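So the chains spell out like this:
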Amino acid sequence: MVAREGDITLGALFSLHDATQELQLSFTSQPEPVQCTGFNFRTFRWMQTMIFAMEQINRDGRLLPNITLGYKIYDSCSNPLYALRTAMALMSGREEGSGNTECQGNIPLVIGDGGSTLSIVVANFLGIFQLPQISYFSSCACLSNKKAFPAFLRTMPSDFFQVNALAQLVQHFGWTWVGTVAGDDAYGRGGAQIFNDKVTGMGACIALYEIIPKNHAPAEISRIVERISGSSTRVVLVFALEQDANALFSEALRQNLTGVQWLGSEAWITAAILNTPQFHSILQGSMGFAIRRATIPNLQSFLLRLHPSSFPDDPFVVQFWEELFKCSFHSVAGGELSDRRPCNGSEELASVKSLYSDVSQLRISYNVYKAVYAVAHALDTMLRCVPERDPLTGGACPDIRNIKPQQLLYYLKKVDFTNEFGEETKFDENGDPAAMYDLINWQLLETGEVQYVTVGRFDETKSIKLEIEEKQIIWNGNQSQVPVSVCSSSCPPGTRKAFRPSFPVCCFDCILCAVGEVSNQTDATECMTCPPEFWSNPKRDTCIPKLVEFLSYSDTMGITLLAMALLGSCATLAVALVFACKRHTPLVRASNSELSFLILSSLWLCFLCALAYIGQPTPWLCQLRHTAFGVAFCLCLSCILGKTMVVLMAFKATLPGSNVMSWFGPLQLRTLIFLCTAVQVVICGTWLGLAPPLPRRLMNRESARIILLCDMGSTLAFYLVLGYIGLLAGVCFVMAFLARKLPDNFNEAKFITFSMLIFCAVWITFVPAYVSSPGKYTVAVEVFAILASSYGLLLCIFAPKCYIILLRPEKNTKKHLMHK
């Protein structure tokens, strides 16, 4: 312990040693005093910074005029149990083993301890007495719990904010596959757990999570490094104290672990113990957040003032001197043999470069400085209390020389001042300061030294909290490109994620969207189905309008059918022209020229109605298709029926006494044709009036085409039209079949029979072909049936006649026709 008397004495805890020796407890005698080992130069500088701040306040009359601050400082030896014992010693005011049983403590406040685990133990004890405690290095988010730690405050930001900054850093660079290694203490476990929860909430995954044991067991440390090496992650966060980080990186160096981008917590990212040439190969490019640093004037000269002869009662100065210069005062004083040379007192601090005298990275030292000034401002506010306005004492101001802990705690929570560095110091409702960090990047200089370069900042008080200067960052391996750390590469538009079983959500395969589905964003989890009118493009990243399919004049099938229809209509006109030119010949006159011309006219219409089936369907075109087809064929078959009946009755009329032909004169035939056709007209008119055919778009979600066709409107009406045509064709076939053997050199009934056979065969095969054909082929089948049946009628009935008229005119005589 080191102490200095003052009007107000503050307690302080610093971990001046890194460990304690394990005691051999026999339980039969008083244990020996605890021996602390591993003197920490950096913590000693923190302690001296506290003394510097107090002496500066004592010299300055602006704060606490006529009041002197004193201190009582204990070494907690980085041990929770020892920290608790020193806290109890501060409270009681007596040393262990002194024999004094009276409590003489008058400490209104404790500054410390450093580590979160130590502060938790101390805060649990001091909180019972509402004794204020201000920590300069404890960052565990758990200490913000005011129910558990009502008297705890700190000048070190909570790990919650540091972890938030680290998570935003990971998100900023697109790292979704991150490893986490934590120290086995409240600081490491708590911070790492918050980090893991944060990044997983942002969509990233934790590739590995390991704990560094406090005893630094070589086998366990080796296993952790081997797991990092075997993992596919390129980014690993080490959330641990510098001692734990040193053990991890030493093993990583031994195993030659390279290619890992290390992220560091503020506990080690600026630790000089790691900034040595041996670690440069693996830690070059490391990044992490460190608390804001400051340049404290006159601090270095204050630090260099130390000399054992000037502070004979300070045991820490002697230990510091011996460790720094590797000498020993005991070998001189007691004559004992020692491995170290004797200290002669002529050593100079300024001649040795050490962590103690290095003031280039005053971060925790600055926290200690702010903690002392926060206490001074709180005490100064108490000193300037106005009677009858103090809310605690009900009118009387607190006695500055006999401070109650609850009173000081109240004023500490109200502290709000701006120091000489322009930084505001105050505490929120949880006793935490405003979170402000520097983003540090380890950059290897040409001289072989590592420089801590500030490449960004995090300020919780700003709207844009994280600011990064990416161009200034040098990554691990002296690379300028941002390292990629993902389990699976992002799925481009047009694909979706397919998560792998038993793997984290960041591990997936990219599956191309099915036809008819698209994804227009990166890393889509599902593909969206295109609207009915749209279809996916080949890349599956956008929906494009479906192709509208119908029997058009531009495709091969449409052109072929058009050519056949035009050829048929021209052939029909040609036959009509031949018959018109040879109308006075016996063959034409015997064929009933009026019926022949009527049949040719209806056949011409049949060929032309096929054109209505080609092209984009419209309402009037759909209505014209079926009605023109039905009426034209009905007219043609009615005429053929009349001709067949005339042929049959003509031979019956040759019998003696027969007057059959009087019933089949021109007027009767016209009436028959009109009535037969009128039935079809009535059917078609009813069809158009009740349920007319209209265009319809068939949009199958599994097809890339929209089929544009004419909906029949009424299937019954359509089949009634076909049925009536079939009835007329059947009657014609029966009558022609009966007249096929009548005596005549040119028996027209034979050719009508053949034409009806072809007609019926075409339309019988039409029905199954029509039902089973898809899309525009349905229309093509119907057009083909119309043309095939029309060609059958034209060729079977008129081709033989044209052959005789044009090529065998000698047979076109009445004598030849009447010869039996």
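Asks: Explanation requested: the state of the cysteines in the structure shown.
Replies: Formally, a disulfide is one covalent bond, and it connects the sulfur atom of one cysteine to the sulfur atom of another. Counted under the stated rule, the structure contains nine disulfides. One disulfide in the model links Cys530 with Cys543; its S-S distance is 2.1 Å. Looking along the S-S bond of the Cys530-Cys543 disulfide, the torsion reads about -90 degrees, which is the left-handed sense. Residue Cys530 is located in the loop between strand E24 (528-529) and strand E25 (534-536), and its partner Cys543 is located in strand E26 (residues 543-545); the two are separated by 13 residues in the primary sequence. Here Cys622 is linked by a disulfide to Cys710, with a sulfur-sulfur distance of 1.9 Å. Here the S-S torsion is close to -75 degrees, and the disulfide linking Cys622 with Cys710 is therefore left-handed. Placement of Cys622 in helix H17 (residues 619-652) and of Cys710 in strand E29 (residues 705-711) is noted, with a sequence separation of 88 residues between them.

Asks: I'm lost on the sheet that holds strand E8 (residues 152-154) in this one. Help?
Replies: Adjacent strands of a sheet form backbone hydrogen bonds with each other and so pair up, either parallel or antiparallel. Strand order in the open sheet formed by six strands is E1-E5-E2-E6-E7-E8, and the pairing between neighbours is mixed. Here the strands that pair on one side only, and so sit at the sheet edges, are strand E1 (2-4) and E8. This element, helix H3 (residues 116-126), spans strand E2 (8-14), strand E6 (110-111), strand E7 (133-135) and E8 of the sheet and lies at about 165 degrees to E7.

Asks: How should I be thinking about the sheet that holds strand E12 (residues 261-264) in this particular structure?
Replies: Reading across from one edge, E10-E9-E11-E12-E13-E18-E19-E20 is the order of the eight strands in this open sheet, with mixed pairing throughout. Lying at the two open borders of the sheet, with one neighbouring strand each, are strand E10 (205-212) and strand E20 (466-468). Taken over all neighbouring pairs, the strand axes of this sheet differ in orientation by 25 degrees on average, direction set aside. Where strand E13 (residues 287-291) lies against strand E18 (residues 436-444), five bridges are found, and the strand directions are antiparallel. Within E18, the residue paired with Gly288 across the bridge is Ile440. Packed onto the sheet, helix H6 (residues 218-230) meets strand E9 (177-183), E10, strand E11 (235-239) and E12 and runs at close to 165 degrees relative to E10.

Asks: Would you take a moment to explain helix H2 (residues 80-92) for this structure?
Replies: In an α-helix, one turn spans 3.6 residues, which is why side chains three or four residues apart end up on the same side. End to end, H2 covers 18 Å across 13 residues, agreeing with the expected 18 Å (1.5 Å per residue, within 8%). Close packing links the buried residues of H2 with E2, strand E5 (69-75), E6 and H3. Taking the backbone nitrogen of Leu81 as reference, a side-chain oxygen 2.9 Å away marks Asn79 as the first, capping residue of H2. Following H2 by one or two positions, Gly93 adopts a phi angle in the positive range, close to 80 degrees.

Scoring rules and cut-offs
- Residues numbered from 1 in each chain as written.
- Predicted model: local features only at pLDDT ≥ 70, side-chain atom pairs only at ≥ 80, totals over all residues.
- Heavy atoms only, no water.
- Disulfide = S-S within 2.5 Å.
- Helix = DSSP H or I, 4+ residues; strand = E, 2+ residues; numbered from the N terminus.
- Pairing = 2+ DSSP bridges.
- Contact = heavy atoms within 4.5 Å.
- Axes fitted to C-alpha atoms, helices over the stretch in contact; angles between N-to-C directions.
- Expected span 1.5 Å × (residues − 1).
- Polar contact = N/O pair within 3.5 Å; in protein donor to acceptor, adjacent residues only side chain to side chain.

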